[in-house]
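Below, each chain spelled out in residue letters.
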Amino acid sequence: MAAWVPAAAAPLLRGIRGLPFLHHVHRMFASQTEGELKVTQTLKEKFPRATAIKVTDISGGCGAMYEIKIESEDFKEKRTVQQHQMVNQALKEEIKGMHGLRIFTSVPKQ
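A few points on the structure. (Residues numbered from 1 in each chain as written. Predicted model: local features only at pLDDT ≥ 70, side-chain atom pairs only at ≥ 80, totals over all residues. Heavy atoms only, no water.)

## Quick word on the pairing of strand β2 (residues 65-72)
Note: strand β1 (residues 50-57) against β2, 7 bridges, orientation antiparallel. In the sheet register, Ala52 faces β2, and the bridge partner there is Glu71. As paired elements, β2 and strand β3 (residues 100-106) share 7 bridges and run parallel to each other. Residue pairing in the sheet places Ile70 in a bridge with Thr105 of β3. (Pairing = 2+ DSSP bridges. Helix = DSSP H or I, 4+ residues; strand = E, 2+ residues; numbered from the N terminus.)

## Here's the deal with the packing of aromatic side chains
Inspection of every chain in the model, using the stated rule, returns 1 aromatic pair. Both rings, one in Phe47 and one in Phe75, keep their centres 5.4 Å apart while their planes meet at 50°; by these two values the pair is tilted. You can see Phe47 sitting in the loop between α2 (34-46) and β1 and its partner Phe75 sitting in the loop between β2 and α3 (80-90), a full 28 residues away along the chain. For the pair formed by Phe47 and Phe75, the shared burial category is buried. Geometry around Phe104 places Lys69 over its ring, the cationic atom sitting 5.9 Å from the centre. (Phe/Tyr/Trp six-rings, centres within 6.5 Å; stacked < 30°, edge-to-face > 60°. Buried < 20%, exposed > 50% of the residue type's maximum accessible area, 1.4 Å probe, protein only. Lys NZ or Arg CZ within 6 Å of the ring centre and 35° of its normal.)

## Overview of the environment of Glu34
Structurally, Glu34 can be placed in helix α2. In this structure the C-alpha to C-alpha distance between Glu34 and Gly63, which are 29 residues apart in sequence, comes to 8.7 Å.

## Regarding the environment of Ala90
Here Ala90 lies in helix α3. Distance in space between the C-alpha atoms of Ala90 and Glu45 is 9.0 Å, their sequence separation being 45 residues. If sequence neighbours within four positions are ignored, Ala90 has contacts with Thr42, Leu43, Lys46 and Phe47. (Contact = heavy atoms within 4.5 Å.)

Bear in mind that shape data such as this cannot, by itself, settle questions of function.
Put into structure tokens, the structure is as follows:
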């Protein structure tokens, strides 16, 4: 049963894409899910020179969709599409069980 919220307050209690704001607050303080840890470990193995890796389950914790932010020298002098292809290839097996993936890649600043 859904909680009652006054109509005027509803927009204030909604987060991105209409998801409840409290869900986002809870995830900020929660530890990584099993899926996030698995994807993070795979990326660390495939990109040992990565200076930053952040994996977030954006499907509400069920593991259907992830957002990945990765910074690595491996991406230097490669186009964005090539960088994303590298991440997709690294996660080839994990992707089979996913609904979607958001990838953000970058090269460390000198």
